[in-house]
Amino acid sequence: MTDAEFEQFKARMQTIVDVWRECLGLGWWHVTLHSHRDSAAFHEASPEEMPLKSQAYTSVSWAYLHAEVHFNLPLLLQADDSALEEVVVHEFMHILVHEMRSGTRCDCPYDIRHEERVCTTLQRAFAWTKEHFLRAAHENEAPTPAEETVPDAG
């Protein structure tokens, strides 16, 4: 990946992040983005073991409203904006639900699969909501009459 491709990808990702950060009310959070140019660096930065196919992960300090989102660029470079949006919103869901991890009152190990399913479900719900309202807004737009059909006022 060239430096230009790297910068272009980061700009695409930042645009998506900015839109969803505002939509989800994460403006008071300090969210740092990390784009890893190779998968080895991505996995080395991870605080825990994760599958090789992981596209992103998020570390959260909920008490201080701080989060770091890490992107595995080699697995995301060919993704279109819709797929990147899915990844971003999913990771943002981790920011919103992460605090629940500290609420366990047992010595049982935390099973991240539950959180992953919740984040995926919430991401899909937000994506559906966005599409629903965009479609509704489009259907409710009054068609603009063409100049030929507008009667001459003169």
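Calculation rules
- Residues numbered from 1 in each chain as written.
- Predicted model: local features only at pLDDT ≥ 70, side-chain atom pairs only at ≥ 80, totals over all residues.
- Heavy atoms only, no water.
- Phe/Tyr/Trp six-rings, centres within 6.5 Å; stacked < 30°, edge-to-face > 60°.
- Lys NZ or Arg CZ within 6 Å of the ring centre and 35° of its normal.
- Buried < 20%, exposed > 50% of the residue type's maximum accessible area, 1.4 Å probe, protein only.
- Helix = DSSP H or I, 4+ residues; strand = E, 2+ residues; numbered from the N terminus.
- Pairing = 2+ DSSP bridges.
- Expected span 1.5 Å × (residues − 1).
- Contact = heavy atoms within 4.5 Å.
- Axes fitted to C-alpha atoms, helices over the stretch in contact; angles between N-to-C directions.

1. Quick notes on the packing of aromatic side chains
For the structure shown, the criterion picks out one aromatic pair. Between arginine 37 and the ring centre of phenylalanine 6, over which it is positioned, the NZ or CZ distance is 4.4 Å.

2. With respect to the pairing of strand E3 (residues 66-72)
Burial analysis of E3 places five of its seven residues in the buried class, the great majority of the element. Note: strand E1 (residues 30-36) against E3, seven bridges, orientation parallel. Each bridged residue has a counterpart across the sheet, and for leucine 33 the counterpart in E3 is valine 69. Of the strand pairs in this sheet, strand E2 (residues 56-61) and E3 are connected by six bridges, and their pairing is antiparallel. Each bridged residue has a counterpart across the sheet, and for valine 60 the counterpart in E3 is alanine 67. Between E2 and E3, which follow one another and run antiparallel, lie four residues, and leucine 65 among them has a positive phi close to 55°.

3. Points about unusual backbone geometry
For leucine 65, which is not a glycine, the phi torsion comes out positive at approximately 55°. In this structure, leucine 65 sits in the loop between E2 and E3. A residue is classified by how much of its surface remains accessible, and leucine 65, at 31% relative accessible area, is partly exposed.

4. Notes on helix H3 (residues 81-97)
Under the 1.5 Å per step criterion, the end-to-end length of H3 is 24 Å for 17 residues, consistent within 8% with the ideal 24 Å. Counting buried residues in H3 gives twelve out of 17 residues, a clear majority hidden from the surface. Within H3, the full set of buried residues consists of Leu84, Glu85, Val87, Val88, Val89, His90, Glu91, Phe92, Met93, His94, Ile95 and Val97. Where the residues of H3 are buried, they touch helix H1 (3-23), E1, E2, E3 and helix H4 (112-140).

5. Here we look at the sheet that holds E3
Taken in spatial order, the three strands line up as E1-E3-E2 in an open sheet, and their pairing is mixed. Two strands in the sheet have a free side with no partner beyond their single neighbour: E1 and E2. Averaged over all neighbouring strand pairs, the angle between strand axes comes to 15°, with direction disregarded. Along the sheet, H1 contacts E1 and E3; its crossing angle with E1, the most-contacted strand, is approximately 150°. Contacts from H3 reach E1, E2 and E3, with the element oriented near 25° to E2.

Just geometry here; none of it tells us what the structure is for.
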